[in-house]
Amino acid sequence: MHVDHLTFAVGSAGLAAETERLGALLGERFRDGGFHPRFGTRNHILPLADDRYLEVVEVLEHPAAEKAAFGQAVRARSEMGGGWLGWVVSVDDLAPFEERLEREAVTGSRHFPDGRLLEWRQLGVKGLISDPQLPYFIKWDSDPSVLPSALKGDIRLDRIEISGSRSRVEEWLGHEVGDEFDGVRIKFSSQNGQPGIMSATFITPNGKIKI
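Here is what the cut-offs are and how they apply
Just so you know, the residues in each chain are numbered from 1, in the order the chain's sequence is written. Per-residue local features are limited, in this predicted model, to residues with pLDDT of at least 70; the limit for side-chain atom pairs, both in listing and counting, is 80 or more; totals at the level of whole chains, interfaces and linings are taken over all residues. Where side-chain values are given, they derive from all heavy atoms of the structure, hydrogens and water being excluded. Think of a salt bridge as a Lys or Arg side-chain nitrogen and an Asp or Glu carboxyl oxygen that are within 4 Å of each other. Helix numbering and strand numbering both begin at the N terminus, where a helix is a DSSP run of H or I of at least 4 residues and a strand a DSSP run of E of at least 2. A 1.4 Å probe rolled over the protein chains alone gives each residue an accessible area, and that area as a share of the maximum for its type sets the label: buried under 20%, exposed over 50%, partly exposed in between. Taken from the helix axis, the directions to the C-beta atoms give the arc we talk about. Residues are treated as being in contact if the distance between any of their heavy atoms lies within 4.5 Å.

Would you mind going over the pattern of salt bridges in detail, with residue names and values included?
A full pass over the atoms with the stated rule returns 15 salt bridges. Note that arginine 156 is salt-bridged to aspartate 50, the shortest N-O span being 2.4 Å. Taken together, the residues arginine 156 in strand 9 (residues 156–163) and aspartate 50 in the loop between strand 3 (41–48) and strand 4 (52–59) connect sequence positions 106 residues apart. On the accessibility criterion, arginine 156 (36% relative accessible area) is partly exposed.

This is how it looks when you write it as structure tokens:
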């Protein structure tokens, strides 16, 4: 399992303003990731070290956004003012998770501004909606040359602080989550509070930045 990326939903300021704000904090510019036709969303991404990235996502006035779980999740978080939506774990094979969770993965895609197509399958967004501390799973299907991991970054994801229960996340993953998971420090707190990501800390050329 690999901590693949974090997702941040925009607030009322919109995608351009939110990525400009976060980019200023982190000292890097985000890239236009493109449109997700199956979900009714679009994103900008910031490549990170260790084959990870940070995604800032916006829901669109598009029919797919009303039907797709991911579009619904982004809209709900944005209507709450925006902020951390969730974390994503990539795996080599989704079949064991489909069997254990008794649900099927859905196909996702997005076109880059230059026309290239990125495709993947994802599972567990409905789990994220009902319990935002839970990551969802992704299996990349495209050639490695077009994956976000092909874009190298200097900023490193250092720590994720999650309001929730370590045991609940371990049950969902089917895998132990220690104080460090795939090279990322994981802290759980506020078990009785609203579940979800409370903050993420990044190591940048200008020092540690907590968002």
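There is more to say after this.
Talk me through helix 6 (residues 166–173); I want residue IDs and the actual numbers.
Within the span of helix 6, buried status applies to Val169, Trp172 and Leu173. Seen end-on, helix 6 carries its buried residues on one side only, within an arc spanning 95°. Away from its buried face, by an angle of more than 90 degrees, helix 6 presents the exposed residues Ser167 and Glu171. Along its buried surface, helix 6 packs onto strand 5 (83–90), helix 4 (95–101), helix 5 (125–130), strand 8 (136–140), strand 10 (180–181) and strand 11 (184–189). Positioned one or two residues after helix 6, glycine 174 has a phi angle of 70°, which is positive.

Break down unusual backbone geometry for me, with residues and values.
Located in the positive-phi region is aspartate 50, a residue other than glycine, with phi close to 65°. Among the residues examined, aspartate 50 registers a relative accessible area of 35% and is labelled partly exposed. Positive phi outside glycine occurs at glutamate 102, with the angle close to 55°.

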